[in-house]
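# Report on the structure
One letter stands for each residue in the lines below.
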Amino acid sequence: MAAIEEQDVRIKANDGVATCDGVFSATHYTSHDRLVRALKALGAMWGLAIVAVFIPLAHFILVPAFLIAGPVVARGRYKTSVAANDVVGTCPGCRQNTKLLLQSADRLPMWKYCPKCNAPIQIDAN
Ligand SMILES: [Zn+2]
C-alpha cells in the first residue's frame, strides 16, 4: 500500500537570507503498487489504441503511437518508487501560506516560483 511521507523543509528566498519552514509531501510506492500502476498505464494506452482504430486517417498514426507508448509509460510508472506531491509552507517573499503542487519527479533541493507572488524560492531539506 502506498504511504505518504512528510519531511520538514526550509524555504529560502532568492536572496538566501529570508527563510521559512515548510512540509514536503511524497508518496512511497511498494513493489505491488508500482506493478498495479504500470499495468493500469499499459491498459489505458492500449485501450486508447483500440479506440483510435475507429478514427479515420488518424488511426495510421495514433494506433502505433499508443501501442508503443504503452510499455514506455508502464516502464516509467514501474520505476517510480517515490513521487513528490506538494510543499506546504510560508513564502519568505510575501509571507503567505502557500501550497506548491509538484511533479512526481521533483526532488530536494528544488527551485520553484511562489504561486502567489511569483518570487523565486529554493526548497531544501531542513
Ligand atoms: Zn510568495
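Residues numbered from 1 in each chain as written. Predicted model: local features only at pLDDT ≥ 70, side-chain atom pairs only at ≥ 80, totals over all residues. Heavy atoms only, no water.

### Looking at the confidence of the model for the protein chain
The predicted model of the protein chain has a mean per-residue pLDDT of 93, with 100% of residues at 70 or higher. Predicted confidence in the protein chain is weakest over strand S6 (residues 120-125), with a mean pLDDT of 91, and strongest over helix H1 (residues 31-52), with 97. (pLDDT = per-residue confidence, 0-100. Helix = DSSP H or I, 4+ residues; strand = E, 2+ residues; numbered from the N terminus.)

### Considerations on the domain arrangement of the protein chain
Under the domain assignment, the protein chain is made up of domain 1 (3-28 + 82-125) and domain 2 (31-79). If you average the C-alpha positions of domain 1 and of domain 2, the two centres end up 33 Å apart. (Domains from an automatic or database assignment.)

### With respect to the side chain of Asp86
Mapped onto the fold, Asp86 is located in strand S3 (residues 82-90). Assessed through its relative accessible area of 13%, Asp86 is described here as buried. (Buried < 20%, exposed > 50% of the residue type's maximum accessible area, 1.4 Å probe, protein only.)

### Brief notes about the nonpolar core
Note that soluble globular proteins tend to have their nonpolar side chains buried in a common cluster. Residues Phe24, Val87, Leu100, Leu102 and Ile123 are the most contacted members of the largest nonpolar core, which totals 13 residues. With near-sequence residues (within four places) excluded, Ile123 lies in contact with Val9, Arg10, Ile11, Val87, Leu100, Leu108, Pro109, Met110 and Lys112. (Core = buried A, V, L, I, M, F, W, Y, C linked by side-chain atoms within 4.5 Å. Contact = heavy atoms within 4.5 Å.)

### Let's talk about unusual backbone geometry
Following Leu108, the chain continues to Pro109 via a peptide bond in cis, the omega torsion being -10°. With respect to the helices, strands and loops of the structure, Pro109 is situated in the loop between strand S4 (97-101) and strand S5 (110-113). Positive phi, normally seen in glycine, also occurs at Arg95, with a value near 60°. For Arg95, the position within the fold is in the loop between S3 and S4.

### Examining the coordination of the zinc ion
Looking at the metal site, the zinc ion is ligated by Cys91 (SG), Cys94 (SG), Cys114 (SG) and Cys117 (SG), spaced 2.3 Å from it. Here the zinc ion binds 4 donor atoms, and the angle range of 102 to 119° at the metal identifies the geometry as tetrahedral. Read N to C, the donor residues that coordinate the zinc ion are spaced as C-x2-C-x19-C-x2-C. Here Cys91, found in the loop between S3 and S4, pairs with Cys117, found in the loop between S5 and S6; they are 26 residues apart in sequence, far enough to count as distant. (Donors = N, O, S within 2.8 Å, 3.2 Å for Na, K, Ca; no water. Tetrahedral: all angles 85-135°; square planar, octahedral: opposite > 155°, others 65-115°.)

### Some remarks on empty space enclosed by the protein
Across all of its chains, the model carries 1 cavity of 30 Å³ or more by this definition. Considered as a void within the structure, the largest cavity measures approximately 40 Å³ in volume. At the level of secondary structure, the elements contributing two or more residues to the lining of the largest cavity comprise S3, S4 and S6. When the residues that make up the lining of the largest cavity are grouped by side-chain class, the tally is 6 nonpolar, 2 polar and no charged. (1 Å grid on protein atoms, 1.4 Å probe; cavity = no way out; pocket = protein on both sides within 12 Å on 5 of 7 lines; lining within 4 Å. Points joined across faces, edges and corners; volume = space filled by probe spheres on them. Nonpolar A, V, L, I, M, F, W, Y, C, P; charged D, E, K, R; others polar.)

### Focus on the packing of aromatic side chains
In this structure the tally under the stated criterion is 0 aromatic pairs. Directly above the aromatic system of Tyr78 lies the positively charged group of Arg34, at a separation of 4.8 Å from the ring centroid. (Phe/Tyr/Trp six-rings, centres within 6.5 Å; stacked < 30°, edge-to-face > 60°. Lys NZ or Arg CZ within 6 Å of the ring centre and 35° of its normal.)

### What to know about helix H2 (residues 59-79)
Between its first and last C-alpha, H2 extends 30 Å over 21 residues, near the 30 Å set by a 1.5 Å rise per residue. Those residues of H2 that sit buried are Val63, Gly70 and Ala74. Tucked into the core, H2 has its buried residues touching H1. (Expected span 1.5 Å × (residues − 1).)

### Here's the deal with H1
For H1, with 22 residues, the first-to-last C-alpha span of 31 Å sits near the 32 Å given by 1.5 Å per residue. Contacts from the buried residues of H1 go to H2.

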